[in-house]
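As a plain string of letters, each chain reads:
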Amino acid sequence: FKLGLFALVRLRAYESLAAAALRSDGQPVSTWWPVAYALQRIGDPRAIPALRQLTRVKSRYTAAFAARGLGRAKDSGAADVLLPLLDPATQPREVVGSTIIALRDLSLMQAGARLGAIAADPDTDGTLRMEALTTIGALKAIDQLAIVQDLITDDWPALRAAAIHAAAAIDPDTFTLMLSGLEVDRHWMGRAA
């Protein structure tokens, strides 16, 4: 069954995939992760109702694939489904990560504050923090620029790099000015020591 679903995706045969993976009412025949994976990979907007249903499944892979699928299918109304999944305290890392990528695919600006909170939280998984910064940059979320700028001096080099990229994407006109100011601060702080 799994290989058959994946083959139908490779053939871009949505109708055949729907006949195998969806009931007559459009709901998935199973909450098994390969169903969500196939529906998200096909990228067809007709799969949106089933993907929305699968985001509610308490399975890290099923919900993660379904969230990612809503982004690939360009579900412009997915905010009500995706925003509750942006909680690293209650959701598996895979679900939060896929949700962040889906929000980036959909350019959902209303996610800026939640993404900023994820990026700024030192107790959150580092990969999720970097994904949040990347998405903040892609969204050009100017309201999150202060958080991004603060993370440019983080101890972790990968997070610093993600913050630099995000800052440059959000405000390219003042980015070099901000970096030169940061360099002056480091110079004077080094002399004081």
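Analysis parameters
Residues numbered from 1 in each chain as written. Predicted model: local features only at pLDDT ≥ 70, side-chain atom pairs only at ≥ 80, totals over all residues. Heavy atoms only, no water. Helix = DSSP H or I, 4+ residues; strand = E, 2+ residues; numbered from the N terminus. Buried < 20%, exposed > 50% of the residue type's maximum accessible area, 1.4 Å probe, protein only. Contact = heavy atoms within 4.5 Å. Lys, Arg positive; Asp, Glu negative; His and termini not counted. Charge placed at Lys NZ, Arg CZ, Asp CG, Glu CD. Salt bridge = Lys/Arg side-chain N within 4 Å of Asp/Glu carboxyl O. Expected span 1.5 Å × (residues − 1). Polar contact = N/O pair within 3.5 Å; in protein donor to acceptor, adjacent residues only side chain to side chain.

Engineer: Hey, could you run me through the overall build of the protein chain in this one?
Structural biologist: Along the protein chain, the regular secondary structure elements total twelve helices and zero strands. The order of helices and strands in the protein chain, counted from the N terminus, is α-α-α-α-α-α-α-α-α-α-α-α. Its C-alpha atoms give the protein chain principal-axis dimensions of about 70 × 30 × 30 Å. Relative to its 193 residues, the protein chain shows a buried fraction of 44%. In the protein chain, of all internal contacts separated by at least 6 residues, the share reaching a separation of at least 24 is 59%. Of the charged side chains in the protein chain, 21 are positive and 20 negative, and the gap between their average positions amounts to 9 Å.

Engineer: Please clarify how the pattern of salt bridges should be interpreted in this entry.
Structural biologist: Between side chains of opposite charge, a pair can form when the charged atoms approach closely. Applying the stated criterion to the full structure yields nine salt bridges. A salt bridge links Asp125 to Arg93, with the shortest nitrogen-to-oxygen separation between them at 3.2 Å. You can see Asp125 sitting in the loop between helix H8 (112-120) and helix H9 (126-139) and its partner Arg93 sitting in helix H7 (residues 93-106), a full 32 residues away along the chain. Glu131 is paired through a salt bridge with Arg104; the nearest N and O atoms lie 3.1 Å apart. Separated by 27 residues along the polypeptide, Glu131 in helix H9 and Arg104 in helix H7 bring together distant segments of the chain. One network of salt bridges, with partners in common, ties together Glu15, Asp44 and Arg46.

Engineer: Hey, could you run me through unusual backbone geometry in this one?
Structural biologist: If a residue is not glycine, its phi is most likely negative; likewise, a peptide bond is most likely trans. We note that Arg12 has phi near 55°; this positive angle belongs to a residue other than glycine. Structurally, the position occupied by Arg12 is in the loop between helix H1 (2-10) and helix H2 (14-21). In this structure Arg12 comes out as exposed when scored by relative accessible area, which is 52%. Look at Ser107: it is not a glycine, yet its phi comes out positive at around 55°. As for its position among the elements, Ser107 is in the loop between H7 and H8.

Engineer: Please clarify how H9 should be interpreted in this entry.
Structural biologist: One turn of the α-helix equals 3.6 residues, which is why residues spaced by three or four share an orientation. If you check H9, its first and last C-alpha atoms are 20 Å apart, about what 14 residues at 1.5 Å a residue would give, namely 20 Å. Those residues of H9 not exposed but buried are Leu128, Arg129, Ala132, Leu133, Thr135, Ile136, Gly137 and Leu139. Buried residues belonging to H9 abut H7, H8, helix H10 (145-151) and helix H11 (157-170). For H9, the N-terminal capping position is held by Asp125, with its side-chain oxygen 3.0 Å away from the main-chain nitrogen of Thr127. With its phi angle positive at about 55°, Lys140 sits one or two positions after the end of H9.

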